[in-house]
Amino acid sequence: MEFNEVTTAVAFIGLIAIGVGGMIASDMMATDTILMMVAPSMIIFGAIMLGIGVKFGEYRATN
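Residues numbered from 1 in each chain as written. Predicted model: local features only at pLDDT ≥ 70, side-chain atom pairs only at ≥ 80, totals over all residues. Heavy atoms only, no water.

## Quick word on the pattern of salt bridges
So, point 1. On inspection of all chains with the given rule, the structure shows one salt bridge.
So, point 2. The shortest N-O distance in the salt bridge between Lys55 and Glu58 comes to 3.3 Å. Placement of both Lys55 and Glu58 in helix α2 (residues 31-62) is noted, with a separation of three residues, approximately one turn of the helix. (Salt bridge = Lys/Arg side-chain N within 4 Å of Asp/Glu carboxyl O. Helix = DSSP H or I, 4+ residues; strand = E, 2+ residues; numbered from the N terminus.)

In C-alpha cells:
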C-alpha cells in the first residue's frame, strides 16, 4: 500500500472520526466538550505526529 496525500488524509480523518465517534457514543463526557476540546487536540496531536513520521521516513529513505 502506497501512502500518498489522499490515502494519508483519509486515514488521518478516519482515525480521528472513529475516536471522536467512540467517545460520543460512550457518553463519557458532554458532546460539546468532546467537540470543542478533545477533537481539536486530537487533530493537532495527530498533525504533529504525522509531521514527525514524515520527516523520520525521509531520513530513513536517505540513510
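After that view, the rundown keeps rolling.
## Things to note about a nonpolar patch on the surface
So, point 1. Where nonpolar side chains cluster on the molecular surface, the patch consists of Ile44, Phe45, Ile48, Met49 and Ile52 and spans about 510 Å² of accessible area.
So, point 2. If you trace the backbone, Phe45 turns up in helix α2. (Patch = residues over 30% accessible without salt bridge, like charges linked within 9 Å, V, L, I, M, F, W, Y side chains within 5 Å. Areas by Shrake-Rupley, 256 points an atom, 1.4 Å probe, with all protein chains shown as cover.)

## Concerning α2
So, point 1. Between its first and last C-alpha atoms α2 spans 45 Å; for 32 residues at 1.5 Å apiece the expected length is 46 Å, and the two agree.
So, point 2. Of all the positions in α2, only Ile34, Val38, Ala39 and Gly46 are classed as buried.
So, point 3. Contacts made by the buried residues of α2 are with α1 (5-26). (Expected span 1.5 Å × (residues − 1). Buried < 20%, exposed > 50% of the residue type's maximum accessible area, 1.4 Å probe, protein only. Contact = heavy atoms within 4.5 Å.)

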